[in-house]
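One-letter residues, chain by chain:
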Amino acid sequence: MCDTCGCNITHGNENLIRPGGKLEKTESGKEAVTVLHSLLHENDHTAQHNREHFDQHNVLAINLMSSPGAGKTSLLEATIQQLDDNIRIAVIEGDLETENDAERIRKHGVKAIQITTGSACHLDAHMIHQALHNINLAEFDVVFIENVGNLVCPASFDLGQHQNVVLLSVPEGDDKPAKYPVMFRTADLVMISKSDLLPVLDDFKVAKAKSYLRDIASVAPIIELSSKDKSGMPLWLDWIRQQVEKRKKHLEQSVD
Amino acid sequence: MHELSICQSLIKQITSVALECSAQRVTSITVAIGALSGVEAELLKNAYPIASAGTVAENAELIIEALPVRVKCNQCGSESDALPNKLVCKKCGDWRTTLLSGDELMLMSVELEKIQETKVIH
């Protein structure tokens, strides 16, 4: 969706937006200028630029989002260990403070850029753009962006990623999709992480989590996964491979 | 609290509109926000005086229009109002719906006061 051709005007909101609608106000002596731009226009513009940058180098960008401590970094570590060697990975880490997560990734011999946001509760497209200056994309196939742990703010900011993966860890409870619908609606894949805890935390019902996701009309596939006992890893790795292939095909078609 | 950074981006856009139109002052701003946009109207209002201080939009009235959450059923085709965490079809109950409205986060319009032409007397 863009801000210039009017495609952000939908059947559902056009009566409110079009001239004569209740949002079109003019007062004598003053000039009313209709703008119809997303409030995140500047961010979205940079995000699109980032996406083009990824596409030029055939790189798949995956944005990982979750609350703090849901296991994003552990998932990345397990992924690095198990993913095929011919899929080359780089990681952009977002945290308010510390290089801890980037250091964890680097220990596995993988390129990691740490963004420390200070007090900002999310990554935005400009921060990713800056980070990309430090990555030679020609050397990679997949860039994982580990967003700041937060189920609210990161949902609003497009970074230029191709896929959003949202983690819901078992200790958080199965009703998170109902509590944070904006975040879970962005998900292209939902991961129920720390699934090894399901037998212990038996008030978490996977079926319930799925039902809450259906309530927000999410069509995202759901994978139960434990980075600890590695169950569910094959499904996740397959999903990554499929996305890499899809990306390649998509780009080949757009070149033709 | 990402509303402050969204508000700062809003001020940037308003400033460039005012500049294009050679306006002296922005008197009001209308934004449309849906419940699924991820932005809280109240927080945006609180952030506004901070983000607009010293700009052409300082003291402008911020009008926020809340847009309803509406879905269209992919199965039976009917349209209905919905809750942000219950986007199912009201008629047939199916969960496979498409959002018609409710995730907007848009700067709709700005009201400007233009510079009065003044004659220079030598």
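Predicted, not measured: the structure shown is a model, and the values here were computed from it.

Enquirer: I'm lost on the overall build of chain A in this one. Help?
Expert: Helix and strand counts for chain A stand at 9 helices and 8 strands. Put simply, chain A has 256 residues, and 54% of those count as buried. In chain A, the proportion of contacts linking residues at least 24 apart, taken out of those at least 6 apart, comes to 70%. Of the roughly 11,600 Å² of accessible surface on chain A, a fraction of 49% belongs to carbon and sulfur atoms.

Enquirer: Would you mind going over the sheet that holds strand β5 (residues 97-101) of chain B with me for this structure?
Expert: Pairing between the strands of a sheet comes from backbone hydrogen bonds, and it takes one of two forms, parallel or antiparallel. Residues and elements named next belong to chain B. Spatial strand order, β4-β3-β5: 3 strands in an open sheet with antiparallel pairing. Lying at the two open borders of the sheet, with one neighbouring strand each, are β4 (79-81) and β5. Direction aside, neighbouring strands of the sheet carry axes that sit 35° apart on average. Of the strand pairs in this sheet, strand β3 (residues 70-73) and β5 are connected by 4 bridges, and their pairing is antiparallel. Counterpart to Lys-72 in the pairing with β5 is Thr-98.

Enquirer: I keep staring at the side chain of A:Arg51 and nothing clicks. Help me out?
Expert: All names here are of chain A. Here Arg-51 is to be found in helix α2 (residues 41-56). At 2.7 Å, the side chain of Arg-51 forms a polar contact with the side chain of Asp-158. Setting aside residues up to four positions removed in sequence, Arg-51 forms contacts with Asp-158, Gly-160, Gln-161 and His-162.

Enquirer: What should I look at first to understand the pattern of salt bridges in this one?
Expert: Where side chains of opposite charge bring their charged atoms close, a pairing between them can arise. Enumeration over the complete set of coordinates arrives at 16 salt bridges over all chains. Each of A:Glu77, A:Asp101 and A:Arg104 takes part in salt bridges that share partners, so that together they form one network.

Enquirer: What is the right way to look at the interface of chain A and chain B in this model?
Expert: In many analyses, interface size is given as the accessible surface area lost on bringing the parts together. On the chain B side, the residues contacting the 41 residues of chain A number 46 residues. Interface area, chain A with chain B, both sides summed: about 3,700 Å², of which 61% is carbon and sulfur. Summed over the shared surface of chain A and chain B, the result is 3 salt bridges. For B:Lys12, the salt bridge identified is with A:Glu42, shortest N-O distance 3.2 Å. Along the contact surface separating chain A from chain B lie 16 residue pairs in polar contact (both at pLDDT 80 or more). If you list the elements that add at least two residues to the side of chain A that touches chain B, you get α1 (14-17), β1 (31-38), α2, α7 (181-185) and α8 (206-215) of chain A. In terms of residue count, β1(A) provides more of the side of chain A that touches chain B than any other element does, 8 residues in total. Counted by class, the side of chain A that touches chain B contains 19 nonpolar, 13 polar and 9 charged residues. Here 6 bridges tie β1(A) to strand β6 (residues 105-114) of chain B, and the two strands are oriented antiparallel to one another. Each residue of the ladder has a partner; that of A:Glu31, found in β6(B), is B:Leu112.

About the thresholds
- Residues numbered from 1 in each chain as written.
- Chains lettered and ligands numbered in written order.
- Predicted model: local features only at pLDDT ≥ 70, side-chain atom pairs only at ≥ 80, totals over all residues.
- Heavy atoms only, no water.
- Helix = DSSP H or I, 4+ residues; strand = E, 2+ residues; numbered from the N terminus.
- Buried < 20%, exposed > 50% of the residue type's maximum accessible area, 1.4 Å probe, protein only.
- Contact = heavy atoms within 4.5 Å.
- Areas by Shrake-Rupley, 256 points an atom, 1.4 Å probe, with all protein chains shown as cover.
- Pairing = 2+ DSSP bridges.
- Axes fitted to C-alpha atoms, helices over the stretch in contact; angles between N-to-C directions.
- Polar contact = N/O pair within 3.5 Å; in protein donor to acceptor, adjacent residues only side chain to side chain.
- Salt bridge = Lys/Arg side-chain N within 4 Å of Asp/Glu carboxyl O.
- Buried area = accessible area lost by both parts, 1.4 Å probe.
- Nonpolar A, V, L, I, M, F, W, Y, C, P; charged D, E, K, R; others polar.

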